[in-house]
Amino acid sequence: MKLLSHVDSLVIQTSIKFVAFIFISVSFFYLGKHWSDGSRQLFFLSRQSPFETTSSAPSIALSPNLDKEFNISALINTPGPSPVKKIRPPPPPPEFETFGILDENGTMSDKFEIGEFDPNLVENWGNGTEIGAETGKEGVKSTFRVKKFGFCGESMREYIPCLDNVEAIKRLKSTDRGERFERHCPEEGKGLNCLIPAPKGYRPPIPWPRSRDEVWFTNVPHTRLVNDKGGQNWISRKGKDKFKFSGGGTQFIHGADQYLDQISKMVPDITFGHHIRVVLDVGCGVASFGAYLLSWNVITMSIAPKDVHENQIQFALERGVPAMVAAFATRRLLYPSQAFDLIHCSRCRINWTHDDGILLLEVNRVLRAGGYFAWAAQPVYKHEEALEEQWEEMINLTTRLCWNLVKKEGYIAIWQKPFNNNCYLSREPGTSPPLCDRADDPDNVWYVDLKACISQLPENQYGANVALWPARLQIPPDRLQSIQIDSSIARKELFMAESKYWNEIVASYVRVLHWKKFQLRNVLDMRAGYGGFAAAIIENQLDAWVLNVVPVSGPNTLPVIYDRGLIGVMHDWCEPFDTYPRTYDFLHAAGLFSIERKRCNMSTIMLEMDRILRPGGRVYIRDSLDVMGELQEIAKAMGWHPTLRDTSEGPHASYRILTCDKRLPRR
């Protein structure tokens, strides 16, 4: 019994010691983990559990208090200052994926994605993803109804509302300076309210580049130019159904290519397609000069008034060549200052020295610093007394304008505009014409009268230092900084973001919608911004040209458009556009109607779009959802075939794309 009692006593003592050891160990562990701020953290070894099926080597875990600073004195109740705890910086935020032109800090950035087109979505356009105003999908159900528009009379087939306003022209006090060739738009409420009919037998235009040399007779059934200019190699009949263009002009009857070679040899610095990219051809005829410059990587704005040769611009556009109806008269042309690298006048029938040279001052305004003026006319080479007198007057005027006569050879004379204001400022006091006041804005052109003064060049030489083509297309130009917009520090980022945005969209159109199979030649961008859509057309190698329209309701970005080697014009879409009916294959309007509907009726703009759109042409309207119902109804009333489509951002985006087809024929 004593032995058993002794054994029991030993067992009890051992148990007590074991329990005490466990208690003390746990207590120290607890204090070390939760109470102590004064000791380095412990390492803990972990071995594999016998219940684990996977084999792994022993691992080492770190105590959560690693790298913390501790105050030992606080544990032993020693008075002292309160401990200062070192705060670990927060972990870096997750990578921010951007889908616009603002980064996570709200600043402009070109590092963004617009989202890929969903091929299933786009390829099924027409198979279930259309959204009609009558379907009620996505809140676009519209109670707006438009009565079907009828056709205008046959006499209006070539109607240009602001240039054919006979009543307004009759009321002019004078027409001595060409006022009758300027804009005189119908009064509000008296504009176009019908559809311009196509000529009988109208056919889809001949595709480019064949259209440079021939067009269908039935599309422009006018023979006056053949009778008047056939001997000068402008235009001739080819059988019964076509007109033929041999590439000649009044002053270059042997062809434009030979003429362009002569100009480039006269002045080696005139490197077409590199230093010279944007050209203005004044009194262009049927635009053969500009047509042949296209093969030199030069884009030409060909202009002429609607005069006795009234269909010359219509022929130019039917050929697929950039052209506009415009006149040197009493108002500024609708182009910005320093727009053109070279301005050409070949027998353009303009008296440049009349009225103390006010028309040549307008040439000076739109000519780029260091740009060239090429004049091919009888006073250059004929020695008749009257013509020699005109030549002397021209030399006198250009000298006062500080132009340098670079070369005179045969029937061509070429001047160069100065790069800065030094020559202007060194002229004799009282020299005419004077410099314009610094307060004059040379880019303000909408219904602005000509000014008998020399537009000063910017002191910072903005506009004079553009890159060579094609690099200038994507380089943010200096004049970007002078555009009157809200942004002051992110202009380059905005420019680059717009270019990237449209390039990705157009690339998607080409890839998924097969745009290269379209007959896409004459394109009008109705709200061009910085010209990003036009640049994307070039980058994606579409054989088309784009006229960039900058609405008067927004910032004037035309200087930037021209600096990047594109062409454009200022316009108010509440008024008709200065072009013939049926002159564009494709109209592009992004964000236009949500702005302009505050100023005028949307049906006014849509009817004008119908006037200038060719039968068989297409329209893409990219705008907010709240205007789409009304636009769709107007399109139907005009006989278009509209389809409202989701964008690549999906059905819950706040905007849509309205695509419309104007089909052949409609009567």
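Note that this is a predicted model, so its numbers are computed, not measured.

Cut-offs and rules
- Residues numbered from 1 in each chain as written.
- Predicted model: local features only at pLDDT ≥ 70, side-chain atom pairs only at ≥ 80, totals over all residues.
- Heavy atoms only, no water.
- Disulfide = S-S within 2.5 Å.
- Buried < 20%, exposed > 50% of the residue type's maximum accessible area, 1.4 Å probe, protein only.
- Helix = DSSP H or I, 4+ residues; strand = E, 2+ residues; numbered from the N terminus.
- Expected span 1.5 Å × (residues − 1).
- Contact = heavy atoms within 4.5 Å.
- Pairing = 2+ DSSP bridges.
- Right-handed = clockwise from strand over helix to strand, strands pointing away.
- Polar contact = N/O pair within 3.5 Å; in protein donor to acceptor, adjacent residues only side chain to side chain.
- 1 Å grid on protein atoms, 1.4 Å probe; cavity = no way out; pocket = protein on both sides within 12 Å on 5 of 7 lines; lining within 4 Å.
- Points joined across faces, edges and corners; volume = space filled by probe spheres on them.
- Nonpolar A, V, L, I, M, F, W, Y, C, P; charged D, E, K, R; others polar.
- Salt bridge = Lys/Arg side-chain N within 4 Å of Asp/Glu carboxyl O.
- Axes fitted to C-alpha atoms, helices over the stretch in contact; angles between N-to-C directions.

**Thoughts on the state of the cysteines**
Scanning all chains against the criterion turns up six disulfides. Bridging Cys345 to Cys348, the disulfide has an S-S length of 1.9 Å. Torsion about the S-S bond of the Cys345 and Cys348 cystine: about -75°, corresponding to left-handed handedness. One exposure class covers both Cys345 and Cys348, and it is buried. Across a sulfur-sulfur distance of 2.0 Å, Cys436 and Cys453 are joined as a disulfide pair. The disulfide joining Cys436 to Cys453 has a torsion of about 90° about its S-S bond and is therefore right-handed. Placement of the pair is Cys436 in the loop between helix H11 (422–425) and helix H12 (491–512) and Cys453 in the loop between H11 and H12, with a sequence separation of 17 residues. Exposure class is identical for Cys436 and Cys453. Each is buried. Counting its disulfide-bonded cysteines in sequence order, the chain shows a connectivity of 1-4, 2-3, 5-6, 7-8, 9-10, 11-12.

**Let's talk about helix H8 (residues 354–366)**
Between its first and last C-alpha atoms H8 spans 19 Å; for 13 residues at 1.5 Å apiece the expected length is 18 Å, and the two agree. Summarising burial for H8: ten of the 13 residues are buried, a large majority. Packed against the buried residues of H8 are strand S6 (278–282), strand S9 (340–346), strand S10 (367–376), helix H10 (385–400) and H11.

**A short note on the pairing of strand S13 (residues 522–525)**
Moving residue by residue along a regular strand, the side chains alternate between the two faces of the sheet. The side-chain alternation of S13 yields two buried faces, one formed by Asn522 and Leu524 and the other by Val523 and Asp525. The sheet contact formed by S13 and strand S14 (residues 545–551) spans four bridges and is parallel. Pairing of Leu524 across the sheet is with Leu547, part of S14. A crossover connection joins S13 to the parallel S14 through helix H13 (residues 532–539); in handedness this β-α-β unit is right-handed.

**What to know about the side chain of Asn522**
Checked against the element boundaries, Asn522 lands in strand S13. Residue Asn522 is classed as buried on the basis of its relative accessible area, which comes to 0%. A polar side-chain atom of Asn522 sits 2.9 Å from the main-chain carbonyl oxygen of Leu317.

**Notes on empty space enclosed by the protein**
For the structure on display, the rule yields four cavities of 30 Å³ or more. Estimated volume of the largest cavity: approximately 240 Å³. The space that makes up the second largest cavity amounts to roughly 60 Å³. Lining the second largest cavity are Arg332, Ile358, Leu361, Glu362, Arg365, Cys436, Leu450, Lys451, Cys453 and Ser455. Class assignment of the residues belonging to the lining of the second largest cavity gives a composition of five nonpolar, one polar and four charged.

**Some details on the pairing of strand S16 (residues 584–590)**
Among the seven residues in S16, seven count as buried, and that is most of the element. Relative to S16, S13 is paired through three bridges, and the arrangement is parallel. Looking at the pairing, Leu524 lines up with Leu587 of S16. Pairing between S16 and strand S17 (residues 613–624): six bridges, direction parallel. By the bridge assignment for S17, Tyr584 is matched with Leu613.

**A few points about the pattern of salt bridges**
All told, the structure shown has 33 salt bridges when counted by the stated rule. For Lys190, the salt bridge is made with Glu187, and the minimal N-O distance between the two is 3.7 Å. A residue is classified by how much of its surface remains accessible, and Lys190, at 58% relative accessible area, is exposed. A single network of salt bridges, built from pairs that share partners, joins Asp341, Arg368, Arg472, Arg479 and Asp563.

**Comments concerning the side chain of Asn219**
Along the chain, Asn219 turns up in the loop between strand S3 (214–216) and helix H4 (224–229). The class of Asn219 is buried, set by a relative accessible area of 1%. Of the polar contacts made by the side chain of Asn219, one reaches the backbone oxygen of Arg203; its length is 2.8 Å. Polar contacts involving the side chain of Asn219 include one to the side chain of Glu318, which spans 2.9 Å. If near-sequence neighbours (up to four positions away) are discounted, Asn219 is found in contact with Pro199, Tyr202, Arg203, Pro204, Pro205, Gln314 and Glu318.

**Things to note about the sheet that holds strand S11 (residues 404–409)**
Taken together, the seven strands give an open sheet; going across it, the order is S8-S7-S6-S9-S10-S12-S11, and neighbouring strands pair in mixed fashion. At either margin of the open sheet sits one strand with a lone partner, and together these are strand S8 (323–325) and S11. Mean inter-strand twist for the sheet, computed between neighbouring axes without regard to direction, equals 20°. As judged from the three bridges shared by strand S7 (residues 299–304) and S8, these two strands associate in the parallel manner. Across the sheet, the residue bridging to Ile303 is Met324, located in S8. Relative to strand S12 (residues 412–416), helix H5 (residues 256–266) is tilted by about 45°, and along the sheet it contacts S9, S10, S11 and S12. Strands in contact with H10 are S10, S11 and S12; relative to S12, the strand with the most contacts, it is inclined by about 15°.

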